[in-house]
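Chain and residue survey
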Amino acid sequence: MTEVVAGVVIVHFGDSELTLRCLESVMGEGSLVNRRVVVVDNAGNLDRRLLGDETLLVTRPDNPGFGAAVNLGIEAIDPDDSCSYYLILNNDATLLEGFLDAAADALETGVGAAGGPILQPNMSRSVWYAGGRINFLTGTAWQKKSVSRGFSRRDVGFIPATALAIWPQAWREIGGFDTKFFLYNEDLDLCLRLRRSGWRLLFEPRMACNHGLGGATGSGDYSPLYLENLTKTRLMPFRSRLYRIYLGGVHTVYNFLRVVRLSVQHGFGAGPRVAAVIRGHVAALGSLFS
């Protein structure tokens, strides 16, 4: 019987406690698959002694970005191309029982990547992702949040990199993450490139995990870091320049409304967030001509 080996990449940034909980869930999850785990430290503040002897550490305190860190982690964990699949994890994700076995089963012939229900147990909305698609009218990823949709195994159009399993052949074929994306929308770009290459994206209900939204980047509180980088990369995953110019118009309206909403919600304290949106949008429009 062929040995199944999961190559797991955890990108660390921010609170070490989140990363250690994520790592504990990977090591303690009761699946039968073997696992090789690497933590890529984008903050330079992770104590190697806390990771255990079985975990590889790659330290990049210069912070090359999320996608670049994943690329480095996969190179480190699988130099001989012997992993059965790769699992990409945010450090604020924790795997539920059976995740790794389910991922191995999900990556069947023709499936390039797979993901499952992403839960937020401490939030009023307990389901953050139950399948998703890309809305090409607005150039955005839409996520199902219905509990009932979390039980349906099906092809989807988008899987977040919060917890994404990918077939090594598919990974190598598309060249991994595009390192032009520092943070956010790199998973949207990855999914689009997989689909263009003919790979399916599968939602597998047994691949369930918990997610502490914005544990590293403050996305749950709409931090300036989150707002600027999300806005900056909005147009980059899409191909046709004419189409991207169209999306530039759509997002100009959207970001104007976002600035208004932030100003109403935060009053005089909205300045840093508003400035982040404006900086991000100017950079996004500039990418149309680069």
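The text that follows walks through the structure, step by step, so that each part is easy to find. (Residues numbered from 1 in each chain as written. Predicted model: local features only at pLDDT ≥ 70, side-chain atom pairs only at ≥ 80, totals over all residues. Heavy atoms only, no water.)

1. Focus: the pairing of strand β1 (residues 5–12)
- Of all the 8 residues making up β1, 8 are buried; the element is thus mostly covered by neighbouring parts of the structure.
- On β1, burial covers both faces: V5, G7, V9 and V11 on one face and A6, V8, I10 and H12 on the other are all buried.
- Pairing geometry for β1 and strand β2 (residues 34–41), over 8 bridges, is parallel. Across the sheet, I10 pairs through a bridge with V39, a residue of β2.
- Traced from β1 through helix α1 (residues 16–28) to β2, the parallel crossover comes out right-handed.
- Pairing of β1 with strand β4 (residues 85–90), which is carried by 6 bridges, proceeds in the parallel orientation. (Buried < 20%, exposed > 50% of the residue type's maximum accessible area, 1.4 Å probe, protein only. Helix = DSSP H or I, 4+ residues; strand = E, 2+ residues; numbered from the N terminus. Pairing = 2+ DSSP bridges. Right-handed = clockwise from strand over helix to strand, strands pointing away.)

2. Thoughts on helix α2 (residues 66–77)
- Counted at 1.5 Å a residue, the expected span for α2 with its 12 residues is 16 Å, and the 16 Å between its end C-alpha atoms agrees.
- With 9 of 12 residues buried, α2 lies mostly within the body of the structure. (Expected span 1.5 Å × (residues − 1).)

3. Examining the sheet that holds strand β11 (residues 154–155)
- The strand order across the open sheet built from 8 strands is β3-β2-β1-β4-β12-β6-β13-β11, with neighbouring strands paired in mixed fashion. On the outer flanks of this sheet lie β3 (55–59) and β11, each paired with one strand and no other.
- Two strands pair when backbone bridges link them, and β4 and strand β12 (residues 163–166) are joined in this way by 4 bridges, in the antiparallel orientation. Residue pairing for β12: L89 is matched across the bridge by A163.
- Its contacts with the sheet put α1 on β1, β2, β3 and β4, and the angle it makes with β1 is roughly 170 degrees.
- Set on the sheet, helix α3 (residues 99–106) makes contact with β1, β2, β4, β6 (111–115), β12 and β13 (200–203); between it and β4 the angle comes to about 130 degrees. (Contact = heavy atoms within 4.5 Å. Axes fitted to C-alpha atoms, helices over the stretch in contact; angles between N-to-C directions.)

4. What about the nonpolar core?
- Ranked by size, the top nonpolar core spans 86 residues in total, and within it L89 and I166 carry the most contacts.
- It is β1 that provides the largest number of residues to this core, a total of 6 residues.
- For L89, the contacting residues outside a window of four places in its chain are V8, V9, I10, V11, C22, V26, F66, L95, A161, T162 and A163. (Core = buried A, V, L, I, M, F, W, Y, C linked by side-chain atoms within 4.5 Å.)

5. Examining a nonpolar patch on the surface
- On the surface, V253, F256, L257, V260 and V264 cluster together into a nonpolar patch covering about 500 Å² of accessible area.
- By the element assignment, F256 lies in helix α7 (residues 241–266). (Patch = residues over 30% accessible without salt bridge, like charges linked within 9 Å, V, L, I, M, F, W, Y side chains within 5 Å. Areas by Shrake-Rupley, 256 points an atom, 1.4 Å probe, with all protein chains shown as cover. Salt bridge = Lys/Arg side-chain N within 4 Å of Asp/Glu carboxyl O.)

6. Digging into the sheet that holds strand β7 (residues 118–119)
- Across the sheet, 4 strands lie side by side as β5-β14-β7-β8; this open sheet has mixed pairing. At either end of the open sheet lies a strand with only one pairing partner, and these are β5 (93–95) and β8 (127–129).
- Summarising the sheet, β5 and strand β14 (residues 209–211) pair through 3 bridges and their orientation is antiparallel. Looking across to β14, one finds that L95 is bridged to C209.

7. Observations concerning the side chain of H12
- Residue position: H12 is located in strand β1.
- Judged by its relative accessible area of 0%, H12 falls in the buried class.
- Discounting chain neighbours no more than four positions away, the residues touching H12 are T19, V39, V40, D41, N42, A43, N45, L46 and N91.

8. Brief notes about the packing of aromatic side chains
- Applying the stated rule across the entire model yields 8 aromatic pairs.
- Summarising the aromatic geometry, the rings of F238 and Y243 are spaced 5.5 Å apart at their centres and angled 85 degrees between planes, so their arrangement reads as edge-to-face.
- Taken together, the aromatic side chains of F66, Y86, W171 and F177 make up a single cluster linked through ring pairs.
- Between the NZ or CZ atom of R154 and the centre of the ring of F203, over which it lies, the distance is 4.8 Å. (Phe/Tyr/Trp six-rings, centres within 6.5 Å; stacked < 30°, edge-to-face > 60°. Lys NZ or Arg CZ within 6 Å of the ring centre and 35° of its normal.)

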